[in-house]
Every structure is written in structure tokens, then in C-alpha cells.
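This is what each chain is made of:
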Amino acid sequence: MKYINPVNTKSWNILKDHFNKIKNIHLRDLFLLDPNRFKKFSIFLENEILVDFSKNRITENTLKYLLDLAKEMNVKDAIKLMFSGAKINKTEDRSVLHIALRNRRNFPIFVDNKNIMLDVNHVLNKMKDFSDSVISGQWKGYTGKSILDVVNIGIGGSDLGPYMVTEALRPYKNHLNIHFVSNIDGTHLSEVLKKISPETTIFLIASKTFTTDETITNANSAKIWFMRYSKDKSSLDKHFFALSAHIENALNFGINIKNIFQFWNWVGGRFSLWSSAGLSIILSIGFNNFEKFLNGAHTIDNHFYNSEYEKNIPIILAVISIWYTNFFGSETEAIFPYDQYMHRFSAYFQQSNMESNGKSIDKKGQKICYQTGPIIWGEPGTNGQHAFFQLIHQGTKLIPSDFIVPILSHNNLRSHHIKLISNFLAQTKSLAFGNIEKSFFKKSISIENNIKCILNKKDENFLFKQCIGNQPTNSILVRKITPYNLGMLIALYEHKIFVQGHLLNIFSFDQWGVELGKKLAKDIYENISNLEKYESFDSSTQGLINFYRSFYK
Ligand code: F6P
């Protein structure tokens, strides 16, 4: 596939001219000019998820030109290439096939002339048998007791996804307590060990490489803790499991081959929650719910593969993101889930997006002259409203935000949920339209309501109270946060990230930038640990090391 620099395309230059024409149009005017914006700029997907992108600073022409860019960049061909198993992760010479993990129609997908679906289904069956056995109480620990606690030891993609999903699907969880240990800070493991008994706990060591220092350090300490009680190496087989793409390393750690749940190099760490890296999810909600989760993602995979540009939600969300990042110059994108169970949703997409698109060299190895991946951030609503929304309402930054809310709650505090929805709608409305222009409201249906929102220009603090509005948002309404719908939602964002990276002409599936810090940490660890070691770092680093050491003399 040809590597195209987006700024050299015809569409990009049309967009540049178009931007200069419309950049100062206010959302108020866009809605005044066209009362049918909502109808034109929203898609109701599979009767489960409504995506309203009408509160964006776009006209019909904008969207046309943006989709022309996607067409000129051959996005649909890139999608087909990924699904075909081509090694699009060029610098690591790997396929990118998280879609195979949820390929519920089981169509053959080949990597190096082998149909990988055979392996995928083998591991799925192995995980079903194991999780059924643990959940039913059939699986016994070294003293013959059933399992009550599961500890997932992993970091990055081996932690964020499983943690986010088990939290988001709490309404579906069983009696097992699922704990997540990721930080090398001893506090993380210590606090979990206080809560569990070695007799009734299993440890999942989740690591694609099985070399990540945080994970191996935590896993070794957990093993030492466990052996202090069991005093018998063979008991490890009842309590320690590996979720990894590197069998050899797991075996060398001491994991029994039968206790290894494999995934593969064509699964990116940050897209691995659908694989055996997500075993903690299955143990938490059961295999049947996990299958529904996979089904939801598969539905979106079909949507992404088959829908034309104009109806393709990941493509639309991606081109709108490019519009803000590369034309308006916004530097961040916020994700606000108005759902407490989804409190780790934004954090998950920090890795998925920023580790994928935080690049500055293009596919031809040239330095990039335009903005690439945005900074992803966010917290659940309504809490964000009482923390940082002030800056979005009255600050100097353009902050495109995604607002996500379930229509139906799992909990029957009806008045609470109506207030949650009301806040959700009030925020996207106030961010779009502000509070200073009466003209906008003259045609509104509920004039009296809207007038209430208008600042009184005679107010002595009028200038300090005004909210200009014109902050763009996407509103995503999900019928209910179910395994199926969560699978849909995560896949939507995964594919949006893929399209963003393709349009930015960058390799989204490697992460060479994280290697330097890991290596330096090892060198500094040596320096700190060997007190007699010669001074070998810059004056700041060495000065800080010496200061740290002075407390341990
Ligand atoms: O942050 C770098 C990284 O390699 C991530 O891409 C990955 O999810 C994480 O570390 C953990 O890697 P592993 O699953 O191999 O332990």
C-alpha cells in the first residue's frame, strides 16, 4: 500500500481553504442555519448506540471534504489490509489482528500461511474450561479449598483493559474478588496481599513479553509470599498462571505449561484484552458474558469493514479528530463517561491512542511537519464538572470532548439517573452554545427556559460570567452498559485510533519510545544498588541519586 503524506493530498489543501472560511462560525449559527443538524449528523447503530456528532464545528461541506481526505488516503484499503493479516506493523514485522480474537463468524485468517483461528479457538476453549472450574468452585487450592480471589499482575495493556472492563461490567460479576497489581511500587502488591489468603487465591501473571520488569518483580514477590505459606513448589501449579505470547519465558519463571494461556505477537499489548490477557474478565463475569463482549466487538468490526465512508462511525470520529488536531490546532481530546462503572474508560484509551499515535516520524522514515496523536484525558461525569470543566467553559483552549452515557442504569435510583442525563445534556449544550447570545434563542421552542440561561448584560460581573461556547462535543448514548455494548464501544474507539494513525501516515502499532526509559531505569538501578559504583550520570541525575542514597547510609 502506498504511503501518502496527508498534507500533500488535494483534500488537505481544500480543507485548509475551507477551514479559513468557516473557522469562526459559531455552533449557535450552525444550528440556527440548519435546524436539522441532529438528523443529518447522527447515526443510530444496531439499535444499541446513538452517536450524535452534530455539535461539532463542521458543515456538510466540512464532513464531505474530511471524508474525501479519508478516500484519498485509501482508508478502506487500509482496513482491508489489516483484516487480511498483512504485516502492517512494519517495524516489528507483525500483523495487527485483534479482530481475529473476536471473529465470531470464524472466517479463516492467515498469518504466515497458517489459519490462526485454530489457535484462537483452542485458547478460548481452554479459558472456558478453566474459568468454569474456578467459578464453580471445582478448582481447588493446595489445601483443598475453592478459589475466592484472583490477582492479575500486569501493566499497560496487560492491566488497563482487563481492569477497565471488569469495572465497567461490575453488574455482571460473580462472587470472585478480582484484584489488579501493576505498579512496581511495593505498595500496590502489599495492599493486595493484606486482603487475600494464599489458600484461596490464584495469580494471573499477564505479560505479552514476560520480561516487563514491573510485572516480573511483582510476580516474583507474590511467589515468595505464596511459598512462605505453602512451602511446597508443586503447589504453584494450583495457584500461578501465565497469560503471555512468550511461552519459554513463562516456563523459565516456573509456570506449568498447562497453566499458560497463550496469545500471539499479532496481538498488540494495548489491544489484548480480547485475548487470554483478558482471562481476569472471564473469571469476573463468566465465559458466556465474555462471548457477548466479543460479539459486540465483532459487530463493530463488520460495521467498520463494510460501511461506506459516510456511514462509518470510526472513520467519521477519526476525521473529525483530525479536523481539530490538524486544522484548529487542538492538542487534547477528552472522553467523559457519564457512568461510574466506566471510571477507567478514559485511562484505557490513553494507552490505546497515545501509545499508538504518539509518533513524529512518518511511514517513510521522515520527520513529520504536522500534529499527530492528541493527548487523551478524562474522568467520569458528573465529577469532571466539579473539577476541570471550568477550563473548558472559560479557558483559552479548544478541547473536543466525547460524552458517553447509558440510557438505562443498572441501579434503580431513577431520580439519580434522570439528573445524570440532565447534566450530560446540559454540559454538551452549554459547551456548544454558551450563555451570551439572545439571538440564538429567539427561535427556540422553550424561549422562557433559554432566556433563563442568558446573562444579564447589566450584571457588573457580566464579563467574568460569560461562557462563549463553541466547544465541540460528540454525544454517545448507549442503551445500557452490557457486555455486548461495551464490546461495541471499545471496538469503535480502537478503529477510530487505527484510522487516525493511517490518516497521519504513521505506524500505530509499535512503541519504540518506551524502550529508552526502561533501559535507563536498569542502569540507574545498578548505580543506586551498588553504592561503590562510579559517578556516571549527568549532574542532576547523579545529584538526585546521591541525595536518595544519603537516606540509606
Ligand atoms: O509500555 C510499553 C509496553 O510494552 C506496553 O505496550 C505493554 O502493554 C506494556 O508495556 C506491558 O508489556 P507486557 O504485556 O509485555 O508485559
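Scoring rules and cut-offs
The written sequence of each chain sets the order in which its residues are numbered from 1. With the structure being a predicted model, the display of local features is reserved for residues of pLDDT at least 70 and the display and counting of side-chain atom pairs for 80 or more, all residues being used for whole-chain, interface and lining totals. For the side-chain quantities, the full set of heavy atoms in the structure was used; hydrogens and water were omitted. Pairing between strands is defined by DSSP: at least two bridges between the two strands are required. A run of H or I in DSSP becomes a helix once it reaches four residues, and a run of E becomes a strand once it reaches two; helices and strands are each numbered from the N terminus. Axis definition: a line fitted to C-alpha atoms, over the contacting stretch in the case of helices. Angles run 0 to 180 degrees between N-to-C directions. Contacts were defined at the residue level, with two residues in contact if any of their heavy atoms lie within 4.5 Å. Summary of the burial criterion: residues with accessible area below 20% of their type's maximum are buried, those above 50% are exposed, and those between are partly exposed, where the area comes from a 1.4 Å probe applied to protein chains only. Two N or O atoms count as a polar contact when they lie within 3.5 Å, although within protein this holds only if one can serve as hydrogen donor and the other as acceptor, and sequence-adjacent residues are included solely when both atoms are side-chain atoms. For this description, a residue counts as near a given molecule or strand if any of its non-hydrogen atoms is within 4 Å of it. Surface accessibility in these figures is a Shrake-Rupley result with a 1.4 Å probe; residues are shielded only by whichever protein chains are displayed. Residues are grouped as follows: Ala, Val, Leu, Ile, Met, Phe, Trp, Tyr, Cys and Pro are nonpolar; Asp, Glu, Lys and Arg are charged; all remaining types, including Gly, are polar. Residues grouped as a nonpolar core are buried Ala, Val, Leu, Ile, Met, Phe, Trp, Tyr and Cys residues, joined through side-chain atoms within 4.5 Å. Where a domain begins and ends is set by an automatic assignment or by a domain database. UniProt positions are given in the numbering used here, feature names are shortened, and annotations may be inferred rather than shown by experiment. Salt bridges are identified by distance alone: a Lys or Arg side-chain nitrogen within 4 Å of an Asp or Glu carboxyl oxygen.

Looking now at the sheet that holds strand β2 (residues 49–52). Read across the open sheet, the six strands follow the order β1-β2-β13-β12-β10-β11; overall the sheet is mixed. Each edge of the open sheet is held by one strand with a lone partner, namely β1 (42–45) and β11 (375–377). Shown here is a sheet whose adjacent strand axes are inclined to one another by a mean of 15°, direction ignored. Where β2 and strand β13 (residues 473–478) come together, four bridges link them in antiparallel fashion. Looking across to β13, one finds that isoleucine 49 is bridged to valine 478. Along the sheet, helix α17 (residues 414–433) makes contact with β12 (401–406) and β13, crossing β12 at roughly 160°.

Looking at the secondary structure, you find asparagine 435 in the loop between α17 and α18 (447–453). Its relative accessible area of 12% is what places asparagine 435 among the buried residues. A polar contact is formed between the side chain of asparagine 435 and the backbone oxygen of lysine 465, at a distance of 3.1 Å.

What follows covers the site of the ligand. Every one of the 13 residues lining the ligand counts as a neighbour, but Ser158, Ser207, Thr209, Thr212 and Glu355 are closest to it. One nitrogen or oxygen atom from the side chain of serine 158 is found 2.7 Å from an oxygen atom belonging to the ligand. Glutamate 355 has a polar side-chain atom sitting 2.6 Å from an oxygen atom of the ligand. The protein chains hide 87% of the 390 Å² of surface that the ligand would expose on its own. In the shell around the ligand, the residues fall into two nonpolar, eight polar and three charged.

For the rest of this paragraph, the subject is the nonpolar core. In terms of nonpolar packing, the biggest core is built from 115 residues, with Trp266, Leu283, Ile315, Trp323, Phe345 and Ile490 touching the most fellow members. Examining the composition of this core, we find that twelve residues originate from one element, helix α14 (residues 313–328), more than from any other. Here this core spans two domains, since at least three of its residues come from each of domain 1 (6–72 + 307–434 + 469–503) and domain 2 (99–286). The residues contacting leucine 283, other than those within four sequence positions of it, are Phe130, Ser131, Val134, Ile135, Val150, Asn174, Leu176, Ile178, Ile202 and Leu204. The next biggest cluster of nonpolar side chains, apart from the first, holds 22 residues, and it includes Val151, Ala222, Ala242 and Phe253.

All right, on to the UniProt feature "active site" (unreviewed entry) in the protein chain then. Residues given the UniProt feature "active site" (unreviewed entry) here are Glu355, His386 and Lys518. The greatest C-alpha distance among the annotated residues, which extend across 164 residues, is 36.6 Å, indicating that they are dispersed rather than converging on a single site. By secondary structure assignment, the location of histidine 386 is in the loop between β11 and α16 (389–394). Histidine 386 gets classed as exposed once you look at its relative accessible area, which sits at 69%. Checked against the element boundaries, lysine 518 lands in helix α21 (residues 515–529). By relative accessible area, which is 44% here, lysine 518 ends up partly exposed.

Glancing now at the sheet that holds strand β6 (residues 177–181). With parallel pairing, the five strands of this open sheet are ordered in space as β6-β5-β7-β8-β9. On the outer flanks of this sheet lie β6 and β9 (260–262), each paired with one strand and no other. Between one strand axis and the next, the sheet turns by 20° as a mean value, whatever way the strands run.

What follows covers the pattern of salt bridges. For the structure on display, the rule yields 21 salt bridges. Residue glutamate 310 is joined to lysine 71 by a salt bridge in which the shortest nitrogen-to-oxygen separation is 2.6 Å. With glutamate 310 in the loop between α13 (287–306) and α14 and lysine 71 in helix α4 (residues 60–72), this residue pair connects regions lying 239 residues apart in the sequence. Accessibility expressed as a relative area gives 33% for lysine 71, which makes it partly exposed. One salt bridge connects arginine 104 with glutamate 291, and the closest N-O pair in it is separated by 2.9 Å. Here arginine 104 is found in the loop between α5 (75–84) and β3 (110–111), whereas its partner glutamate 291 is found in helix α13, with 187 residues between them in sequence.

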